[in-house]
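Structure at a glance
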Amino acid sequence: MSKEQAVIEIRNSAIKLLVGYLNDNEGKVNLLYNETIPLEEDILGAYITSKENVIKELSKIIHLKTNDGLKININEATIVYPSFGLNVYSSTKTTNTVDPNSTICQIDIDNVLSLIKKERLPNPNDKLVEILPLKFYIDGGRTYEYPPINEVSSSVQLSANVYALPKNLTSSYEDCIMMNGINCSKKVIAPVGVSYYLDKQKYKYKKYILVDFNTRITTCSLVGASKVYGSSYFELGINHLVDTIVDEFKISEDEALKLINLYGLDLRTTTYDPFIVETYIEGMKVKIRKEQLNTLIINFLKKWLEGLKICLSSLNPSALSVGIISLYGESLDFKGFKEFIKDNCEFNVDFVSPNVVGCEDSSFMNCVAALYYSSFYKGSCNDMKFDKKVNKVSRGNEEYSEIKDEL
């Protein structure tokens, strides 16, 4: 069983916290605790501009007490990065093995990874976040998905994907977490973690477009052979629909969201058609009916589908031909939305979820995947660290302290 770890994701409208561990025997994530902390102000665009707002809300998760008496002190966490501005590069390097008997040791894996890590990125404004091995090659034409420790070979060659993000993006997310005294022990780019997680859960597709339908931004990532090869986004999510309802019906944000939660997209025809809200527009009392809400929702979803198509065409010339959309996110959690998207999207749509007991909400998909991803030794950039870390979990007056050595 892997040690407990915390995962933090800062999304457009909320902070997601997940605490759990990987059950090695079953290959599943076991949940200890999860929480959604709403942000007072939405994060608009791809970057965090109001750090004070995020730092304030993050302070609420440092010391936690669950309903069943579990106390959790968050001293460190895996951080989930969004894939905004993601650049993916390929690299292949070779190193000779150092053992006199040519037995492959950990130092050989570290050496070949270090050669890739030392390569200069094409964009000086990027920061290397992850090196994800595709294949290890050794003598005799043998290939391995994982580091071939203890095999005999005169050399080790590694072919890998190199993932880089803009420096100002990574620093803005890290700063918010570290300002609360939480160490960012590991970093996972959202779609990289999710594609890895889906693959290990024996997902039926190897090539697809992974789509995260957030509250303000929709992210699209091209996945081939279960690896991410590109990512793009467009600014449209459920909170834009809320804004439209507020403007059209002249009601508050809370009332607008209540209408979406209560009615969603309901296309049933009934003889009884009462008004759903009474409001004042230009000084006149107006009764809003369900059909008017449906019209705004349909227009929003059509606009989203069009934005999806444009985003895919800009992502990669071949993206439109993939044909499979793997979709998740909180903007789907309303009655009738999934059905409309599935019926009106020109691609095959598959809705994915964490598949974790107690955490079925698809808005936690990135957190669950990040925990799973970071629990495996993959011979990656993040696995090369040797930091010691302390997390404390206690129940009642009994305290448990764990010190973990990170590969």
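Small disclaimer: the values here were computed from a predicted structure and weren't measured. (Residues numbered from 1 in each chain as written. Predicted model: local features only at pLDDT ≥ 70, side-chain atom pairs only at ≥ 80, totals over all residues. Heavy atoms only, no water.)

All right, on to the pattern of salt bridges then. Scanning the model with the defined rule gives 18 salt bridges in all. Measuring nitrogen to oxygen at the nearest pair gives 3.8 Å for the salt bridge that ties D199 to K200. Classification of D199 as buried rests on a relative accessible area of 16%. Classification of K200 as partly exposed rests on a relative accessible area of 22%. In this structure, a network of salt bridges that share partners links the residues E9, R11, D212 and E330. (Salt bridge = Lys/Arg side-chain N within 4 Å of Asp/Glu carboxyl O. Buried < 20%, exposed > 50% of the residue type's maximum accessible area, 1.4 Å probe, protein only.)

Backbone geometry places N150, a non-glycine residue, at a positive phi of 80 degrees. Tracing the backbone through its elements, the reader meets N150 in the loop between β9 (142–144) and β10 (155–166). Judged by its relative accessible area of 59%, N150 is exposed. In this structure, N355 is a non-glycine residue whose phi angle is positive, near 60 degrees. By the element assignment, N355 lies in the loop between β18 (348–351) and α9 (365–374). N355 sits in the exposed class, given a relative accessible area of 61%. (Helix = DSSP H or I, 4+ residues; strand = E, 2+ residues; numbered from the N terminus.)

Ranked by size, the top nonpolar core spans 68 residues in total, and within it I8, I10, V54 and L58 carry the most contacts. Not counting residues within four places of it along the chain, the set of residues in contact with I8 comprises I15, K16, L17, L58, I61, A77, T78, I79, V80, I177 and I182. (Core = buried A, V, L, I, M, F, W, Y, C linked by side-chain atoms within 4.5 Å. Contact = heavy atoms within 4.5 Å.)

Applying the stated rule across the entire model yields 12 aromatic pairs. A centroid spacing of 6.4 Å and a plane angle of 55 degrees characterise the contact between Y196 and Y372, whose relative ring orientation is tilted. Here the residue Y196 occupies a position in helix α4 (residues 190–200), and Y372 occupies one in helix α9, the gap between them amounting to 176 residues. Looking at Y196, the relative accessible area reads 8%, which means it is buried. Y372 sits in the buried class, given a relative accessible area of 4%. Ring geometry for Y203 against Y205: centres 5.6 Å apart, planes inclined by 75 degrees, an arrangement best described as edge-to-face. (Phe/Tyr/Trp six-rings, centres within 6.5 Å; stacked < 30°, edge-to-face > 60°.)

Across the 8 residues of strand β14 (residues 227–234), 6 count as buried, placing the element largely inside the fold. Sheet topology places strand β13 (residues 218–224) next to β14; 7 bridges connect them, and they run antiparallel. Note that in β14 the partner of C220 across the bridge is S232. Hairpin connection from β13 to β14: 2 residues lie between these consecutive antiparallel strands, with A225 at a positive phi of about 55 degrees. (Pairing = 2+ DSSP bridges.)

Running from amino to carboxyl end, helix α1 (residues 51–58) crosses helix α3 (residues 167–178) at an angle of 40 degrees, the nearest separation of the two axes being 8 Å. On the basis of their axis angle, the class for α1 and α3 is oblique. As α1 runs across α3, the sense of the crossing is right-handed. Where α1 abuts α3, its residues K51, V54, I55 and L58 lie against S171, S172, D175, C176 and I177. Its residues placed into classes, the contact of α1 with α3 shows 5 nonpolar, 2 polar and 2 charged. (Axes fitted to C-alpha atoms, helices over the stretch in contact; angles between N-to-C directions. Parallel < 35°, antiparallel > 145°, perpendicular 65-115°, else oblique. Left-handed = near helix turned anticlockwise from the far one by under 90°. Nonpolar A, V, L, I, M, F, W, Y, C, P; charged D, E, K, R; others polar.)

With that out of the way, let us pick up the sheet that holds β9. Spatial ordering of the open sheet is given by β7-β10-β8-β9, a layout of 4 strands whose pairing is antiparallel. In this open sheet, the two edge strands, each paired with only one partner strand, are β7 (87–96) and β9. Across the sheet, the mean angle from the axis of one strand to that of its neighbour is 30 degrees, orientation sign disregarded. The pairing of strand β8 (residues 126–138) with β9 spans 3 bridges and is antiparallel.

The next point concerns the confidence of the model for the chain. Overall, the prediction assigns the chain a mean pLDDT of 89, with 92% of residues at 70 or greater. The weakest mean pLDDT in the chain belongs to strand β20 (residues 398–405) at 33; the strongest belongs to strand β12 (residues 208–213) at 98. A low-confidence stretch, residues 385–407 stays under pLDDT 50, and its non-local contacts, those more than four residues away or across chains, total 66 contacts. (pLDDT = per-residue confidence, 0-100.)

Turning next to the packing of helix α7 (residues 290–315) against helix α8 (residues 337–344). Relative to each other, α7 and α8 sit at 50 degrees, their axes nearing to 11 Å. The angle between α7 and α8 falls in the class oblique. The way α7 lies across α8 gives a crossing that is right-handed. Each of I297, I298, L301, K302, W304 and L305 in α7 lies in contact with α8, whose residues at this interface are F337, F340, I341 and N344.

Right, let's talk about the sheet that holds strand β17 (residues 324–328) for a bit. Pairing is mixed across the open sheet formed by 5 strands, whose spatial order is β14-β13-β12-β17-β18. Edge positions in the sheet fall to β14 and β18, since each of these pairs with one other strand and no more. Strand-to-strand twist of the sheet, defined as the mean angle between neighbouring strand axes without regard to direction, takes the value 25 degrees. Inspection of the sheet shows β12 paired to β17 by 4 bridges, in the parallel sense. Bridge pairing in β17 links I209 to I325.

Let's shift gears to the side chain of K186. Along the chain, K186 turns up in strand β11 (residues 183–189). From its side chain, K186 meets the backbone oxygen of S374 in a polar contact 2.6 Å long. (Polar contact = N/O pair within 3.5 Å; in protein donor to acceptor, adjacent residues only side chain to side chain.)

What follows covers the state of the cysteines. All chains considered together, the criterion is met by 0 disulfides. The structure places no disulfide on C367, whose sulfur is separated from the nearest cysteine sulfur, that of C359, by 7.7 Å. C367 gets classed as buried once you look at its relative accessible area, which sits at 0%. (Disulfide = S-S within 2.5 Å.)

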